[in-house]
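Below, each chain spelled out in residue letters.
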Amino acid sequence: MIKSAFVLIATCLSLNVLADTSRGYDQPPKAILDVMLTPSVPQPAISPNRESILLITWENYPSIQRVALPYLRLAGVRVEPGNHSRHDTPGGYGIPPCIAKMELVNVATGQSSIVKLPAGSCPQSPKWSADSQKFAFANIASDLVELWIGEVKTSKVHRVPSVKLNPMFGDELHWMPDQESLLVKLVPKKLGRLPAEPVIPDGPSIQESVGEKGQSSTYENRDTLNNKYDEDVFDYFASSQLALVQLNTQHVTLIGAPANYYRLKPAPDNVHVLVTSIHRPYSYVTTYDRFPQNVKVWDVSSLPIKAQTVASLPLADRVPIHGVPMGPRDFSWRANEPSTLIWAEALDGGDWNVKVPARDKVVLLKEPFAAKPTEILKTEQRYEGFEWADSHGMGVALLHEYDQNRHWERTYLVDANDFQKKPKLIWDLSTDEKYANPGTPVTRRLANGFSVIRFEGRSIFLSGMGSSKEGDRPFLDRFDLDTRKSQRLFRSGKNDFEQFIDFAGAGTDRFLTWHQSLVDPPNAFVRKLGKSIEAAAADPTTGLGEATFESASTAVTHIPDPTPEVRSIQKRLVKYKRADGLELSFTLYTPPGYKEGTRVPTILYAYPLDYADAAQAGQVTGSERTFTRLRQYKLLLLAGYAIIDSASFPIIGDPKKAYDTYLDQLVADAKAAVDEAVRLGVADPERIGVTGHSHGALMTANLVAHSELFRAGVATSGSYNKTLTPFGFQNERRSVWEAPDVYLKASPFFSADKLKVPLLIMHGADDANPGTTPLQASKLYEAIRGNGGTTRLVMLPHEPHWYTALESNEQMVYEMLRWFDRYVKNAAPRSSETAKAD
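Okay, the confidence of the model for the protein chain next. When pLDDT is averaged along the protein chain, the result is 90, and 92% of the positions lie at 70 or above. Low pLDDT, under 50, characterises residues 833-838; the predicted model gives this stretch 10 contacts beyond four residues in sequence or across chains.

Have a look at this one:
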């Protein structure tokens, strides 16, 4: 049966067997709490014409009252029945955040005005109209999800009456290409009452498999349906009525009949809409996106609508792990034509294990969409999509394909007027490659709202992070498609961190950046390219040097420092080597008032990543020049700890069997990081702790079980028994029956008898991630406790994989600080340690 989120789970368990019920939520010390409660730094949302910026300040933490609202679990979606809103973000990682403040800034003048939001509201991300005169957003109210429109001219917003959005599958609002109307999903007016749950079941829930092999990925069975009643409730909340909302009159025109509409894609011509709907039979082993689907093209220019079926896709509950379903997929409209539909179909059974000359074929279908689609090309590896050129692009497009087996991507230049011409290879590199990453093509919005690559002659513009051995230095390049050579127009300075946002007008001589430094909060600037200058020698790691043009900057926004007390925290990029010679790095934070050469208690945080090649595994990412903001474990800096942050923890090997050496590499990664922090004179080797979240929590538990580097660990929302995810985890594609030793060795649950280092386990009681169910935490706690270890289990009520409520985050920081203070900062020397759990 469907479960609601009414049931409270015990907040904390003490170090002994008895639950601690003497108090509710705890808070960290005031110095930490004050920083936690400070509003976050705004994020920019640039208008398509680059003349306006919406500065959006997101709510840091909702209240536990909001997080605890009842919801239903419906085939991978969590829905609040009171207002039809989502109770999770895509992937199940927390409730949708609310915008706390919205400010409209004029780029030319720098003048700003506060956008007055509805009282007690929960606005979602705004969507700009292509003409940049308006923006639309959904607002989550107590009994419905509303539609609001903002006007740039007045900086005011208003609600569109009689509109009750249905955001269950997303795609609930789209600007139509005419920019005068919105295509929306509504809750049907005649929906009726929620089906009553039978007091006496109609019968058993039955599933059957008749010999056909059908592995389901770990991540495809989140909050699945369980019985016929669940199916009825799913249909009730999935049902939507499509409608067009005319903005000048606010008139709502209903189009088509209610159905379980999934995806909507208006065509550039403002006439056609690609409509995907979901229908029965449903599955109890996978989520809604694998349910049977009908894909149709609607003509919405007149009523009643005319519909042409493009594809009927069956239930896809036997897709190979890391594979794709058979049949048409990845539908898109060609952005620079009125109504040309593109999609791909697998030629390898959707299975990366199969060796074939071409994995996918790509087809094209034009209006009236009744003919047989035309095959335009085949891709050697998996099709990843097209990027279309603007009117200056001379009929070309970029085609992307991805090799799952090698972590490799290729990009081709395609003649979009003649697909029979052989594509020209432009980029051919590992997806793990950071130093030689060319960047991402800069796009612009057409009048119809579609994004296309911005061209200048035969050149395009590329923006990237600019990773190097000295850290990230974002850049803007002009790239010649014929010579395949780049000219660097801009590169962030060595003492700050400045990213290209977009060009600041119709031309390309002025552009917007987002600038920050150790002492300067992020703000928008306009830069103007000046005269050509002689560039410094090229960086050997990227082949490109400094900018070849001068560029003067002018501040557009003036966001103040929200936490001046944090500026005394210092950080530095540290590079070192693993025992096998692999180059690694981390960012070292030292607490306020730190004196060089003083050894302090230290916490290591990391998240292991899988690499197919050692050449990319050791590449440096991140920057020591970013504006420091403190959340979660970093708040412990205010309590006197140093932080080894984002330490490189590569797991290297053939993607088909990389986890054969997972444990050995994990310990080697940790030892290298700890040894370097100790060598620098910062970390006290007798007082080092470790923490990690999700896959990092698995790392944490394994490190305290299989190394002597750490005095204590804190593992949050982890998976500790990999046999409970038998069809793969992370990039491990083999099942537990194919590689049982790998699953057992990676699972600290089976080493609980060796786990004597104190381990704090925290978990969200409503974690929707199938790989990290709350059972993983409780069973590891029981295993450690049963074997005489020191452990504490904290289950946070109503929390998903990432903890969202203010009270939950306060509790998490309180618990971390309490645990590390007790077992790290105030730990006795190992040789004389006699401390035991209370």
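Right, let's talk about the sheet that holds strand β1 (residues 43-46) for a bit. Taken together, the four strands give an open sheet; going across it, the order is β1-β2-β6-β7, and neighbouring strands pair in antiparallel fashion. Strands at the two margins of the open sheet, each flanked by one partner only, are β1 and β7 (112-115). When strand polarity is set aside, the average angle formed by the axes of neighbouring strands in this sheet is 25°. By the bridge criterion, four bridges tie strand β6 (residues 99-106) to β7 in an arrangement that is antiparallel.

Mapped onto the fold, His 801 is located in the loop between β48 (791-796) and α9 (806-825). A distance of 3.0 Å separates polar atoms of two side chains, one belonging to His 801 and the other to Thr 772.

Attention now goes to the state of the cysteines. Counted according to the given criterion, the structure contains one disulfide. Between the sulfur atoms of Cys 98 and its disulfide partner Cys 122 the distance amounts to 1.9 Å. Every disulfide takes its handedness from the sign of the S-S torsion; for Cys 98 and Cys 122 that torsion is -90°, giving left-handed. In this pair, Cys 98 sits in the loop between β5 (85-86) and β6 while Cys 122 sits in the loop between β7 and β8 (127-128), placing the two residues 24 residues apart along the sequence. For Cys 98, a relative accessible area of 7% translates into the label buried.

What follows concerns the packing of aromatic side chains. Counted by the stated rule, this structure contains 31 aromatic pairs. Ring plane angle 80° and centroid distance 5.0 Å describe the contact between Tyr 236 and Phe 237, whose orientation is recorded as edge-to-face. Under the relative-accessibility criterion, Phe 237 is labelled buried at 2%. When the centroid spacing of 5.3 Å and the interplanar angle of 70° are considered together, the rings of Phe 500 and Phe 503 count as edge-to-face.

Cut-offs applied
- Residues numbered from 1 in each chain as written.
- Predicted model: local features only at pLDDT ≥ 70, side-chain atom pairs only at ≥ 80, totals over all residues.
- Heavy atoms only, no water.
- pLDDT = per-residue confidence, 0-100.
- Contact = heavy atoms within 4.5 Å.
- Pairing = 2+ DSSP bridges.
- Helix = DSSP H or I, 4+ residues; strand = E, 2+ residues; numbered from the N terminus.
- Axes fitted to C-alpha atoms, helices over the stretch in contact; angles between N-to-C directions.
- Polar contact = N/O pair within 3.5 Å; in protein donor to acceptor, adjacent residues only side chain to side chain.
- Disulfide = S-S within 2.5 Å.
- Buried < 20%, exposed > 50% of the residue type's maximum accessible area, 1.4 Å probe, protein only.
- Phe/Tyr/Trp six-rings, centres within 6.5 Å; stacked < 30°, edge-to-face > 60°.

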